[in-house]
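Here is what each chain is made of, one letter per residue.
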Amino acid sequence: MKFYERFLNVLSWIGFLALVPVGLALFDIDGPLDFLQSSLGRLGTPSTLTIVFLALVLLRVLFGKSERYAPILIALVVSFLLLAAVVEFSFMRWYKATTDTIVYLDNHRLVFLIAVAVVIVGILLGRLKRLSWVVQVFVLILVPLALIVLAHIYGFASLGEPASKTIVLPPSR
């Protein structure tokens, strides 16, 4: 593995670390996110940290080495759409308003965890030499959505969340 590939892998993991305070805030541990917002201002908001996560993983995809790029790109798109249902982005308010009406997406903690899992599975699938597009669609799109729907229908994986917990931007100062 070349140096730049290792560097891009480290950047990708830093992207995952940027998402940790957002996930902790979803699980009612607000300390790290409050600290980042107070010390970094707008750069410490949940939407910025989520964009940093997606951008650093995308950098790994664009400049790193993978056998297949389609699963990682599909995973990033699916993950972004799931994260946009949880974290409020100013340019995706229309999407957030639409997803708020879908009862299956009420469990924001589960949706967040599945969004992160989709990216991890996409990265792992990107290392395979041969992979059918049917498998990619099934594993990266249909299985995560089915898990969300089944978790709502059967009531498992509620994760003790109040139904209206959403991470929003702090008020402008």
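Just so it is clear, the model here is predicted, and its values are computed rather than measured.

## Overview of unusual backbone geometry
Outside of glycine, negative phi angles account for most residues, and trans bonds account for most peptide bonds. Of note, the phi angle at D28 is positive, near 65°, even though the residue is not glycine. Assignment of secondary structure puts D28 in the loop between α1 (3-26) and α2 (31-40). For D28, a relative accessible area of 46% puts it in the partly exposed group.

## Describing the packing of aromatic side chains
The final tally for this structure, using the stated rule, is seven aromatic pairs. Between F16 and F53, the aromatic rings sit 5.0 Å apart at their centres with planes inclined by 65°, giving edge-to-face as the arrangement. Here F16, found in helix α1, pairs with F53, found in helix α3 (residues 46-63); they are 37 residues apart in sequence, far enough to count as distant. Pair check on accessibility: F16 and F53 agree, each one buried. Through successive ring pairs, a cluster of aromatic residues spans W13, F16 and F53.

## Things to note about the pattern of salt bridges
Applying the stated rule across the entire model yields three salt bridges. Of the charged contacts, one joins R109 and D28 as a salt bridge, the two residues approaching to 2.8 Å between their closest N and O atoms. Within this pair, whereas R109 is found in helix α6 (residues 108-125), its partner D28 is found in the loop between α1 and α2, the two being separated by 81 residues in sequence.

## Brief notes about the nonpolar core
Residues F16, F53, V57, L76, L82, F112 and V119 are the most contacted members of the largest nonpolar core, which totals 42 residues. Where this core is concerned, the elements lending two or more residues are α1, α2, α3, α4 (70-84), α6 and α7 (133-154). For this core, the element with the most residues is α6, which contributes 10 residues. With sequence-adjacent residues up to four places away left out, V57 is seen in contact with S12, F16, L76, V119 and I123.

Rules of the game
- Residues numbered from 1 in each chain as written.
- Predicted model: local features only at pLDDT ≥ 70, side-chain atom pairs only at ≥ 80, totals over all residues.
- Heavy atoms only, no water.
- Helix = DSSP H or I, 4+ residues; strand = E, 2+ residues; numbered from the N terminus.
- Buried < 20%, exposed > 50% of the residue type's maximum accessible area, 1.4 Å probe, protein only.
- Phe/Tyr/Trp six-rings, centres within 6.5 Å; stacked < 30°, edge-to-face > 60°.
- Salt bridge = Lys/Arg side-chain N within 4 Å of Asp/Glu carboxyl O.
- Core = buried A, V, L, I, M, F, W, Y, C linked by side-chain atoms within 4.5 Å.
- Contact = heavy atoms within 4.5 Å.

Note that every value here comes from positions in space, so none of it alone points to a role or purpose.
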